[in-house]
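Observations on the three-dimensional arrangement
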Amino acid sequence: MARIVMKFGGTSMAGTERIRRVANLVRKQAAPKEDGTRDEVAVVVSAMAGETDRLVNFCREANALYDPAEYDVVVASGEQVTSGLLAITLQGLGCKARSWLGWQLPIRTVEAHAKARIEGVDGAALGASMAAGEIAVIPGFQGLAEDGRVTTLGRGGSDTSAVAVAAAIGADRCDIYTDVDGVYTTDPRIVARAHKLRAVTYEEMLELASVGAKVLQTRSVGLAMREGVRVQVLSSFVDDEAAPADSLPGTLIVSEEEMEQLVENGDMERQLVTGIAHDKNEAKVILTRVPDKPGAVAHIFAPLAAASINVDMIIQNVGRDKGETDVTFTVPQADLPRAQALLEDKRAEIGFNRLIADSKIAKISVVGVGMKSHAGVAATMFGALAERGINIQAISTSEIKVSVMIDEDETELAVRVLHTAYGLDAKEEAA
Ligand code: ADP
Ligand code: ASP
Ligand code: MG
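All values derive from a computational prediction rather than experimental measurement.

1. Re the site of ligand 1
Near ligand 1 there are 16 residues, and of these Thr178, Asp179, Tyr184, Asp187 and Arg189 occur at the shortest range. The separation between a nitrogen atom of ligand 1 and a polar main-chain atom of Tyr184 is 2.9 Å. Contact distances for ligand 1 include 2.9 Å between an oxygen atom and a side-chain N or O atom of Asp187. With the chains in place, 88% of the 580 Å² that ligand 1 exposes on its own is no longer accessible.

Structure (structure tokens):
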């Protein structure tokens, strides 16, 4: 017997027909095995594809400066619908199933509405229900604040709900079912010759997710790494005869030690670069003629930090003649209007001349633990982009990542060029 958490994303839950396919997969996982034992199964679901966007738009239409607590009430409803529908569908297939809403378990959260963080999941009732042979269906994305109000976890948050539930019930595996059959070297919708990775380390997946590979929400990977949850990414779009998930058809997120073992056994090849990701959701801000003196940048970034606006890439140009300099940085596009307003407010204190904002940028990142021990990854990146005439506007690095900021229109081209430059293209026969 194993305890399994199965998570289904928006595309998998889009409509009653697809929910029926999901119910079939769940029923298969929960069915008695040849040796008479059966898995205990909890299912975490997303809202139907497009539904959360629709609900967010309603909030914006109602009031552009909406109250985040009420936004949470609205957007959490998408997952309430699909969890109930899946429980009903499972019951129709003869399975014992019930839904457990975020406030019923509860999934306790802290911090801001609309981007709440899970502090803990009470697994007791869930464990008892599963042990009694009931399939637990849990809406992802939603939780309960300390003050008793509904919260949501930020876009893509159902992945994090699933990992948190898996940790709380000591699940043997957390299977993330989505519309692609695993984690690829880059987004397979952009590069047809991307290839599926059999395994990827937590560290690399965390970095890939944080720079835009939205196949897993960043927080879900961090949580899985901390709690030691075994995560697998796989497709829900399989035919009824497909092998069960236990035979590991997707991508496993593994520890560095497990990865070394796979490489030693010849099951994985170590590449210098594991994956490439892109992110079009950032915006560039340039402040011109900022005083070139100690404390100047602190004046810029302190108010942004106080407003929980995350600044990513930062460049300060070489000072001009008159003790002035230009400062360029990126913020999430969604936070740009607030950032602009805050900086304009502090114009006198900061002492800049012009504020130039540009949302038409993209960040392209290459990620791989191989970079820790090998030089030349950044040079290859810059060379390959230069050869195609792609201009780099900013650069940032970490131990296992190099990111560049480029014009948004060149995103797809840049990702393809780099995928080839690092030798990641699938061989003809496999493509
Ligand atoms: P879900 O609704 O199931 O949560 P998402 O849309 O959040 O699905 O994530 C799956 C999508 O992530 C895929 O359709 C794919 O386009 C995208 N994606 C981006 N980078 C990668 C990658 N490296 N490997 C696989 N998919 C990726
Ligand atoms: N429905 C939410 C979203 O679209 C959460 C999720 O799907 O993970 O962001
Ligand atoms: Mg998702």
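2. Focus: the environment of Pro32
Turning to its location among the elements, Pro32 is positioned in the loop between helix H1 (16-30) and strand S2 (40-45). As for Pro32 and Met1, which are separated by 31 residues in sequence, their C-alpha atoms are 9.4 Å apart. Ignoring sequence-local partners within four residues, the contact set of Pro32 consists of Thr37 and Arg38.

3. Quick word on the site of ligand 2
For ligand 2, the full set of nearby residues is Ser46, Thr52, Glu79, Phe141, Arg155, Gly156, Gly157 and Ser158. Glu79 places a side-chain nitrogen or oxygen 2.6 Å from a nitrogen atom of ligand 2. Between ligand 2 and Gly156 there is a distance of 2.8 Å, counted from an oxygen atom to a backbone nitrogen or oxygen. Taking 260 Å² as the accessible area of ligand 2 by itself, protein coverage stands at 86%. For the shell around ligand 2, a count of residues per class yields 1 nonpolar, 5 polar and 2 charged.

4. Focus on the nonpolar core
General note: in soluble globular proteins, nonpolar side chains tend to be found buried as a group. Core analysis: the largest hydrophobic core is formed by 44 residues, its most contacted members being Val5, Leu126, Ile138, Cys174 and Met205. Summarising the domain contributions, this core has at least three residues from each of domain 1 (3-266) and domain 2 (271-426). The contact partners of Met205, leaving out residues within four places of it in the chain, are Val183, Val200, Val215, Leu216, Val221 and Ile253. Counting 24 residues, the second largest nonpolar core, distinct from the first, contains Ile276, Ile390, Val402 and Leu424.

5. With respect to the sheet that holds strand S9 (residues 173-178)
Spatial strand order, S3-S6-S2-S1-S9-S11-S12-S10: 8 strands in an open sheet with mixed pairing. Sheet topology places strand S3 (97-99) and strand S10 (199-201) at the edges, where each strand pairs with a single neighbour. Put simply, the sheet's adjacent strands are angled 20° from each other on average, direction ignored. Examined bridge by bridge, strand S1 (residues 3-8) and S9 share 5 bridges and lie parallel to one another.

6. As for the sheet that holds strand S18 (residues 361-367)
Spatially, S13-S18-S20-S19 is the arrangement adopted by the 4 strands of the open sheet, whose pairing is antiparallel. Looking at strand neighbours, the two that pair on one side only are strand S13 (275-279) and strand S19 (394-398), the edges of this open sheet. When strand polarity is set aside, the average angle formed by the axes of neighbouring strands in this sheet is 20°. The pairing of S18 with strand S20 (residues 401-407) spans 7 bridges and is classified as antiparallel. Bridge assignment links Ser365 to a residue of S20, and that residue is Ser403. Lying over the sheet, helix H13 (residues 377-387) contacts S18, S19 and S20, oriented at roughly 20° with respect to S20.

7. As for the domain arrangement of the protein
Under the domain assignment used here, the protein contains domain 1 (3-266) and domain 2 (271-426). Both sides together, the interface formed by domain 1 and domain 2 hides about 1900 Å², and carbon and sulfur atoms give 58% of it. Our enumeration of links across domain 1 and domain 2 arrives at 2 salt bridges. Glu203 is the partner of Lys372 in a salt bridge, and the nearest nitrogen-oxygen pair spans 3.2 Å. Where domain 1 meets domain 2, there are 10 residue pairs in polar contact (both at pLDDT 80 or more). Its residues placed into classes, the side of domain 1 that touches domain 2 shows 8 nonpolar, 5 polar and 7 charged.

What counts and how
Residues numbered from 1 in each chain as written. Chains lettered and ligands numbered in written order. Predicted model: local features only at pLDDT ≥ 70, side-chain atom pairs only at ≥ 80, totals over all residues. Heavy atoms only, no water. Near = heavy atom within 4 Å. Polar contact = N/O pair within 3.5 Å; in protein donor to acceptor, adjacent residues only side chain to side chain. Areas by Shrake-Rupley, 256 points an atom, 1.4 Å probe, with all protein chains shown as cover. Helix = DSSP H or I, 4+ residues; strand = E, 2+ residues; numbered from the N terminus. Contact = heavy atoms within 4.5 Å. Nonpolar A, V, L, I, M, F, W, Y, C, P; charged D, E, K, R; others polar. Core = buried A, V, L, I, M, F, W, Y, C linked by side-chain atoms within 4.5 Å. Buried < 20%, exposed > 50% of the residue type's maximum accessible area, 1.4 Å probe, protein only. Domains from an automatic or database assignment. Pairing = 2+ DSSP bridges. Axes fitted to C-alpha atoms, helices over the stretch in contact; angles between N-to-C directions. Buried area = accessible area lost by both parts, 1.4 Å probe. Salt bridge = Lys/Arg side-chain N within 4 Å of Asp/Glu carboxyl O.

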